[in-house]
Amino acid sequence: VVLWDNRIPHANAYRHDGTIPRAVVYCSFLPDVAVNRVYVQKQLEQYLKGINPGDQWIKSSNNDALSENENGTSAGFAMTDLARKLLGMENWDS
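Criteria and cut-off values
- Counting of residues starts from 1 at the beginning of each chain's written sequence and follows it residue by residue.
- Local features in this predicted model are restricted to residues whose pLDDT is 70 or higher, and side-chain atom pairs enter the listing and the counts only when it is 80 or higher, whereas totals over whole chains, interfaces and linings include all residues.
- For side-chain calculations, the full set of non-hydrogen atoms in the structure is used, while hydrogens and water are omitted.
- A run of H or I in DSSP counts as a helix once it spans at least four residues, and a run of E counts as a strand once it spans at least two, with each numbered from the N terminus.
- It only takes one pair of heavy atoms within 4.5 Å for two residues to be counted as in contact.
- All accessibility values rest on the Shrake-Rupley procedure with a 1.4 Å probe; residue burial counts only the protein chains present in the view.
- A patch consists of residues whose relative accessible area exceeds 30% and which take part in no salt bridge; residues with like charges are grouped when within 9 Å of each other, and nonpolar side chains (Val, Leu, Ile, Met, Phe, Trp, Tyr) when within 5 Å.
- Only one rule defines a salt bridge in this text: a Lys or Arg side-chain nitrogen within 4 Å of an Asp or Glu carboxyl oxygen.
- Burial status follows relative accessibility: with a 1.4 Å probe on protein chains alone, a residue under 20% of its type maximum counts as buried, one over 50% as exposed, and anything between as partly exposed.
- Buriedness of a pocket was judged along seven lines, with at least five required to meet protein on both sides within 12 Å; pockets are open sets of points on a 1 Å grid over the protein atoms alone, cavities are sets where a 1.4 Å probe fits but cannot get out, and lining residues have an atom within 4 Å of a point.
- Grid points are joined across faces, edges and corners, and a volume is the space filled by probe spheres set on the points.
- Residues are grouped as follows: Ala, Val, Leu, Ile, Met, Phe, Trp, Tyr, Cys and Pro are nonpolar; Asp, Glu, Lys and Arg are charged; all remaining types, including Gly, are polar.
- pLDDT expresses, on a scale from 0 to 100, how confident the predictor is about each individual residue.

**Digging into the overall build of the chain**
Then, number 1: Looking only at helices and strands, one finds two helices and zero strands in the chain.
Then, number 2: Taking the intrachain contacts of the chain between residues at least 6 apart in sequence as the baseline, contacts between residues at least 24 apart amount to 29%.
Then, number 3: Summed over all atoms, the accessible surface of the chain reaches about 8,600 Å², with 57% contributed by carbon and sulfur.

Quick look at the structure:
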């Protein structure tokens, strides 16, 4: 496990030339303050529109949308109730 403050300049390698696959799972945690709530809401809206996340190596436009089904998720992927609640797509009371 590697933990760091993401405000410190950092980046991934542009290309992986190794012979062993590189697997990474990024988990982001933000303090519950106004500026972060706006940021998280924007990320959720982009996800629901099927817009791919930005990438520092690859220029992309908002036309790079993923195919979606009627639930606002990528085709072939079904989100669990817990996932939808964690992402703020559903209330915890439902």
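**Describing a nonpolar patch on the surface**
Then, number 1: A surface patch of nonpolar side chains, about 530 Å² in accessible area, is lined by Val2, Trp4, Ile8, Val24 and Tyr26.
Then, number 2: Structurally, Val2 is set in the segment before α1 (34–48).
Then, number 3: Using a relative accessible area of 66% as the deciding quantity, one classes Val2 as exposed.

**Remarks on the side chain of Asn36**
Then, number 1: In this structure, Asn36 sits in helix α1.
Then, number 2: In contact with Asn36, other than residues within four places in its own chain, are Leu30 and Pro31.

**Things to note about the layout of surface pockets**
Then, number 1: There is about 2,200 Å³ of room inside the largest pocket.
Then, number 2: Taken together, 47 residues make up the lining of the largest pocket; nearest its centre are Tyr26, Cys27, Ser28, Tyr39 and Gln43.
Then, number 3: With ten residues, the single largest contributor to the lining of the largest pocket is α1.
Then, number 4: Looking at the lining of the largest pocket, its residues break down into 26 nonpolar, 13 polar and eight charged.

**Points about the confidence of the model for the chain**
Then, number 1: On average, residues of the chain carry a pLDDT of 75, and 74% of them reach 70 or more.
Then, number 2: Note on residues 62–73: pLDDT under 50 across the span, and 27 contacts to partners over four residues away in sequence or across chains.

**Focus on the pattern of salt bridges**
Then, number 1: Counted according to the given criterion, the structure contains three salt bridges.
Then, number 2: We note a salt bridge from Arg37 to Asp32, for which the minimum N-O separation is 2.7 Å.
Then, number 3: With a relative accessible area of 62%, Asp32 lands in the exposed category.

**Re the environment of Trp92**
Then, number 1: Along the chain, the position of Trp92 falls in the segment after α2 (81–86).
Then, number 2: For the pair Trp92 and Leu82, spaced ten residues apart in sequence, the C-alpha to C-alpha distance is 8.8 Å.
Then, number 3: Discounting chain neighbours no more than four positions away, the residues touching Trp92 are Leu82, Lys85 and Leu86.

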